[in-house]
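Overview (structure and organization)
This is what each chain is made of:
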Amino acid sequence: MTPAVFLAIICLGVTLAAPTPDYNLDAEWEKWKKSYEKTYSPEEEKQRRALWEENVKMVKQHIVENGLWMNNFTIEMNEFGDMTGEEIRLMTESSSLTLSHGKRIQKRNPKIPKTLDWRKEGYVTPVRNQRACAACWAFAVVGSIEGQLFKKTGRLIPLSVQNLVDCSRSFGTIGCKGGSTFNAYQYVKNNGGLEAEATYPYEAKVSHCRYRPERSVVKITRLMVVPRNEEALLNALVANGPIAIGIDAKHESFEKYTGGMYHEPNCKRDSPNHSMLLVGFGYEGRESEGRKYWLVKNSHGEQWGEKGYIKIPRGQNYCGIANYAMYPAL
């Protein structure tokens, strides 16, 4: 998911008249600003305060509904609390998700465990934060390559997202304004490698390409595209490791998700706009009664969701999770 929100912020300041703030929320507002290191001009603060108050009301209403058993997941105010839904979508969207090319994997039928968490097997690096850069596509691709590199070598090396953001634009990505996971994989394959985070650190902005072949730590030979169904996704995940996926995430419930089984009535299967990394699956509650879920790693930092992860319902292709899944072969 990618962010290019500066124009939207400027337009917001020009066109919207801020309502009178609720002074009962002054202390809460100041605490929230301090927590997320927010600073504004005097005029912008009026607009951001108004948006924040609307989001506070929405979160509190959701909490009330949880108490009435109307929801089964939780949300809270986070770093996006002073933004419009459109700004967040611009900030987090992946553009042009596509499966137009790539090698279709052969159907495999590995022994399927009851639960799986590739984090426990050493395949997954710590959660990172894309910040004000719509680079979810790059984080998902890097995560899947990291897993395959660990599988092959036993070494878990954080790879460079910035390398992709800066250098893959000639392959059709748009830096901090979005990108296609397919195009990013094609860049790594044709480029002959990718650097590590240690030599090419993340900056959350687009810069000139500084890739150096002698610092490359991994190469991929081909891209594997998973057939668009959850059985194939399950088999591929078990047999190969973490997989880059795309879902419809353009909802406030996703932006403010803090835990539990995610549920969004308006989530669509055919409108992917956010890339993440699928790392496992399991049951919520007792296996005989529990609801099945996919365990997915996001790129919004550990303060979002369940320490950076989300549980998405499994068994109904929820939000299109099985429609845009792929991973590399080294």
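Report follows, based on the coordinates.

With that settled, consider the environment of proline 227. Within the fold, proline 227 resides in the loop between β6 (222-225) and α8 (230-240). For the pair proline 227 and methionine 326, spaced 99 residues apart in sequence, the C-alpha to C-alpha distance is 9.1 Å.

Buried within helix α2 (residues 26-35) we find Trp29, Trp32 and Lys33. The buried side chains of α2 occupy one side of the element, clustering within an arc of 100 degrees when seen end-on. Projecting away from the buried face of α2 at angles above 90 degrees are the exposed residues Ala27, Lys31 and Lys34. Note on α2: the residue one or two positions beyond its end, glutamate 37, has a positive phi of about 50 degrees.

Our next topic: the pattern of salt bridges. Following the criterion strictly, the structure yields 13 salt bridges and no others. Among the salt bridges present, the one from glutamate 146 reaches arginine 128, with a minimum N-O distance of 3.0 Å. One end of the pair, glutamate 146, is in helix α5 (residues 136-153); the other, arginine 128, is in the loop between β3 (116-117) and α5, and 18 residues separate them in sequence. Note on glutamate 146: relative accessible area 1%, which makes it buried. Residue arginine 210 is joined to aspartate 166 by a salt bridge in which the shortest nitrogen-to-oxygen separation is 3.0 Å. Taken together, the positions of arginine 210 in the loop between β4 (194-195) and β5 (216-218) and aspartate 166 in helix α6 (residues 161-167) put the pair 44 residues apart, joining distant regions of the chain.

All right, on to the side chain of glutamate 146 then. Engagement of the side chain of glutamate 146 in a polar contact is seen with the side chain of threonine 125, the distance being 2.8 Å. Among the polar contacts listed, one links the side chain of glutamate 146 to the side chain of arginine 128, at a separation of 3.0 Å.

Overall, the coordinates contain 10 aromatic pairs when judged by the stated rule. Each ring, one from phenylalanine 139 and one from tyrosine 202, has its centre 5.1 Å from the other, and the planes form 75 degrees; the classification is edge-to-face. You can see phenylalanine 139 sitting in helix α5 and its partner tyrosine 202 sitting in the loop between β4 and β5, a full 63 residues away along the chain. For phenylalanine 139, a relative accessible area of 10% corresponds to the buried category.

Right, let's talk about the nonpolar core for a bit. Counting residues in hydrophobic clusters, the biggest one holds 43 residues, and the most contacted among them are Leu233, Ile243, Ile245, Ile247, Trp294, Val296 and Ile310. Those elements that place two or more of their residues in this core are α8, β7 (243-247), β9 (274-284), β10 (291-297), β11 (309-313) and β12 (326-329). When residues in this core are grouped by element, the largest group, six residues, is from α8. In this structure, isoleucine 247 is in contact with Phe254, Ser271, Pro272, Asn273, His274, Met276, Ile312, Cys319 and Ile321, ignoring residues within four places of it in sequence. The next biggest cluster of nonpolar side chains, apart from the first, holds 34 residues, and it includes Ala196, Tyr200, Ala204 and Leu223.

Moving on: the environment of threonine 199. With respect to the helices and strands, the residue threonine 199 is situated in the loop between β4 and β5. When its relative accessible area of 35% is taken as the criterion, threonine 199 is described as partly exposed. Note: C-alpha distance between threonine 199 and tyrosine 211 (12 residues apart in sequence) is 9.3 Å. Of note is the side chain of threonine 199, whose polar atom sits 2.6 Å from the side chain of glutamate 195.

A few words on unusual backbone geometry. With a phi close to 55 degrees, lysine 307 is a non-glycine residue in the positive phi region. By the secondary structure assignment, lysine 307 is in the loop between β10 and β11. One non-glycine residue, asparagine 317, adopts positive backbone phi at about 50 degrees. Here asparagine 317 is to be found in the loop between β11 and β12. By relative accessible area, which is 13% here, asparagine 317 ends up buried.

Attention now moves to α8. Counting buried positions along α8 yields nine of 11 residues, so the element is predominantly enclosed. Along α8, the residues classified as buried are Glu230, Ala232, Leu233, Leu234, Asn235, Ala236, Leu237, Val238 and Asn240. The N-cap residue of α8 is asparagine 229: its side-chain oxygen and the backbone nitrogen of glutamate 231 are 3.2 Å apart. Among the residues trailing α8, glycine 241 stands out with phi positive, at a value near 115 degrees.

Turning our attention to the pairing of β10. By the criterion of burial, β10 is predominantly enclosed, with five of the seven residues buried. Where β9 meets β10, seven bridges bridge the pair, whose relative direction is antiparallel. Across the sheet, the residue bridging to glycine 282 is tyrosine 293, located in β10. Relative to β11, β10 is paired through five bridges, and the arrangement is antiparallel. Following the sheet pairing, lysine 297 is matched in β11 by tyrosine 309.

Conventions used here
- Residues numbered from 1 in each chain as written.
- Predicted model: local features only at pLDDT ≥ 70, side-chain atom pairs only at ≥ 80, totals over all residues.
- Heavy atoms only, no water.
- Helix = DSSP H or I, 4+ residues; strand = E, 2+ residues; numbered from the N terminus.
- Buried < 20%, exposed > 50% of the residue type's maximum accessible area, 1.4 Å probe, protein only.
- Arc of directions from axis to C-beta.
- Salt bridge = Lys/Arg side-chain N within 4 Å of Asp/Glu carboxyl O.
- Polar contact = N/O pair within 3.5 Å; in protein donor to acceptor, adjacent residues only side chain to side chain.
- Phe/Tyr/Trp six-rings, centres within 6.5 Å; stacked < 30°, edge-to-face > 60°.
- Core = buried A, V, L, I, M, F, W, Y, C linked by side-chain atoms within 4.5 Å.
- Contact = heavy atoms within 4.5 Å.
- Pairing = 2+ DSSP bridges.

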